[in-house]
Amino acid sequence: MTVSLTDAVLHYTAFTADPQGGNPAGVVLDATSFDSARMLAVAAEVGYSETAFITGHDDERRRFTVRYFSPLAEIDFCGHATVAAAVALAERIGPGTLVLDTPVGEVPVVTVADSAGALHATLTSVPTRTRPAGEAELDEALAALGWAKADLDPALPPHVAFGGVQHLILAAATRARLADLAYDFDALGDVMRRHGWTTLQLLWKESDDLFHARDPFPVGGVVEDAATGAAAAAFGGYLRSLGLAPRGRTVRIRQGEDMGSPSLLRVDIDPADPRIRVTGQAVPLKR
């Protein structure tokens with residue numbers, strides 16, 4: 001009998017308490033014997049936007065090495081797969097603080113169980129940074145999206161922000177503009193590879209502390225992510241750097257609704273800390 005490459009994969013959906021929502025991620029808790037080619041093959045067979053592979057273990061110190069693969073390539077950091085992996089680990093070794101050694105650096109994750117026993121994970125990103133998007137790169141991205149500059153919210157200027165990986169941040173002026181996403185997959189993927197962007201963080205501001213987001217991910221072979229923790233961290237850094245963080249210093253991002261897979265991400269911003277905290281739940285999926 002042929003054994004599938006994916007037999008070792010756990011299936012979770014992150015940034016939701018409902019198995020029908022969130023962003024699915026694969027988790028391999030023991031990938032110590034996997035080489036890069038095998039991890040890529042597993043991620044491609046799973047077909048989720050990301051699969052997290054735990055390649056090093058120190059259970060006593062609760063420290064783990066992790067790598068992330070999309071169906072097309074290795075990705076330096078992924079927020080929703082981090083939350084999924086942290087919850088999977090906490091289910092087995094108990095809630096508490098974990099430390100993940102990722103390709104971009106150390107990412108602490110605090111896991112806690114609420115009164116109903118549901119597990120929540122809060123990741124602390126590597127230091128974030130942001131810069132204004134250049135005119136040429138903005139024009140290229142808008143052309144591939146089929147958007148015009150008039151579609152953008154002037155109160156939230158286009159930026160390229162980093163929270164482990166780079167994202168182009170574009171804020172739509174209306175909810176209708178955000179909802180109408182029919183972009184040129186190949187053209188946008190080419191633009192993103194040329195500029196080193198992992199996703200586009202497309203947003204609409206409902207209020208100072210509530211945003212709606214969509215994240216095209218053609219460089220990973222996926223049309224759209226239903227929840228993007230790395231982009232949420234980058235956006236938190238963007239708000240802090242531009243002095244746009246709300247008074248309460250917490251932002252909620254609703255994502256995946258236009259895909260029929262609603263997700264909720266909590267972003268906590270400390271004006272004195274270049275890192276950003278992103279919180280969400282994750283629940284197992286039946287294969």
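Note that the structure is predicted; figures quoted are calculated from it, not measured. (Residues numbered from 1 in each chain as written. Predicted model: local features only at pLDDT ≥ 70, side-chain atom pairs only at ≥ 80, totals over all residues. Heavy atoms only, no water.)

**Q** Would you mind going over the overall build of the protein chain in detail, with residue names and values included?
**A** Broken down by element type, the protein chain carries six helices and 17 strands. In terms of overall size, the protein chain behaves like a compact globule, its C-alpha atoms giving a radius of gyration of 18 Å where 287 residues would be expected to give roughly 19 Å. The C-alpha extent of the protein chain, read off along each of the three principal axes, is 55 × 45 × 30 Å. Burial analysis of the protein chain (287 residues in total) assigns 54% to the buried set. Accessible surface, the protein chain: about 11500 Å² in total, of which carbon and sulfur atoms supply 52%. Here the protein chain contributes 25 positive and 36 negative side-chain charges, whose respective centroids are spaced 4 Å apart. (Helix = DSSP H or I, 4+ residues; strand = E, 2+ residues; numbered from the N terminus. Rg over C-alpha atoms; globule rule 2.2 N^0.38 Å. Buried < 20%, exposed > 50% of the residue type's maximum accessible area, 1.4 Å probe, protein only. Areas by Shrake-Rupley, 256 points an atom, 1.4 Å probe, with all protein chains shown as cover. Lys, Arg positive; Asp, Glu negative; His and termini not counted. Charge placed at Lys NZ, Arg CZ, Asp CG, Glu CD.)

**Q** Residues and numbers for unusual backbone geometry, please.
**A** In this structure, Phe15 is a non-glycine residue whose phi angle is positive, near 65 degrees. If you trace the backbone, Phe15 turns up in the loop between strand E1 (10-14) and strand E2 (23-28). In this structure, Arg249 is a non-glycine residue whose phi angle is positive, near 65 degrees. For Arg249, the position within the fold is in the loop between helix H6 (229-241) and strand E15 (250-255).

**Q** Break down the environment of Asn23 for me, with residues and values.
**A** Tracing the chain through its elements places Asn23 in strand E2. Its relative accessible area of 5% is what places Asn23 among the buried residues. Along the primary structure Asn23 and Val191 are separated by 168 residues, whereas in three dimensions their C-alpha atoms are 24 Å apart. Asn23 has contacts with Tyr12, Thr13, Ala14, Ser49, His80, Asp225, Ala226, Ala227 and Ser263, leaving out every residue within four places of it along the chain. Polar contacts involving the side chain of Asn23 include one to the side chain of Asp225, which spans 3.1 Å. A polar contact of 2.8 Å, which involves the side chain of Asn23, links it to the backbone oxygen of Ala227. (Contact = heavy atoms within 4.5 Å. Polar contact = N/O pair within 3.5 Å; in protein donor to acceptor, adjacent residues only side chain to side chain.)

**Q** Summarise the pattern of salt bridges; cite the residues concerned and give the values.
**A** As enumerated under the stated definition, the model contains 20 salt bridges in all. Linking Arg63 and Asp101 is a salt bridge whose minimum nitrogen-to-oxygen distance equals 2.8 Å. Highlighted residues: Arg63 in strand E4 (residues 63-69) and Asp101 in strand E6 (residues 96-102), separated in sequence by 38 residues. In this structure Arg63 comes out as partly exposed when scored by relative accessible area, which is 21%. A residue is classified by how much of its surface remains accessible, and Asp101, at 23% relative accessible area, is partly exposed. (Salt bridge = Lys/Arg side-chain N within 4 Å of Asp/Glu carboxyl O.)

**Q** Could you give an account of the pairing of strand E16 (residues 263-269), naming the residues involved and the relevant values?
**A** With five of seven residues buried, E16 lies mostly within the body of the structure. As paired strands, E15 and E16 are joined by six bridges and run antiparallel to one another. In the strand pairing of E16, Gln255 is matched with Ser263. Taken together, the four bridges between E16 and strand E17 (residues 276-284) define a ladder with antiparallel strand orientation. Note on E17: the bridge partner recorded for Asp268 is Arg277. In this structure, the hairpin formed by E16 and E17 is closed by a connection of six residues. (Pairing = 2+ DSSP bridges.)

**Q** Can you lay out the pairing of strand E8 (residues 119-124) for me, pointing to particular residues and giving the numbers?
**A** Sheet analysis places strand E7 (residues 105-113) next to E8, joined by five bridges and oriented antiparallel. Following the sheet pairing, Thr111 is matched in E8 by Ala121. Linkage of E7 to E8, two consecutive antiparallel strands, is achieved through a turn of five residues, within which Gly117 is found at a positive phi near 90 degrees. Sheet topology places E8 next to E17; five bridges connect them, and they run antiparallel. Its bridge partner being in E17, Thr122 is matched across the sheet by Thr279.

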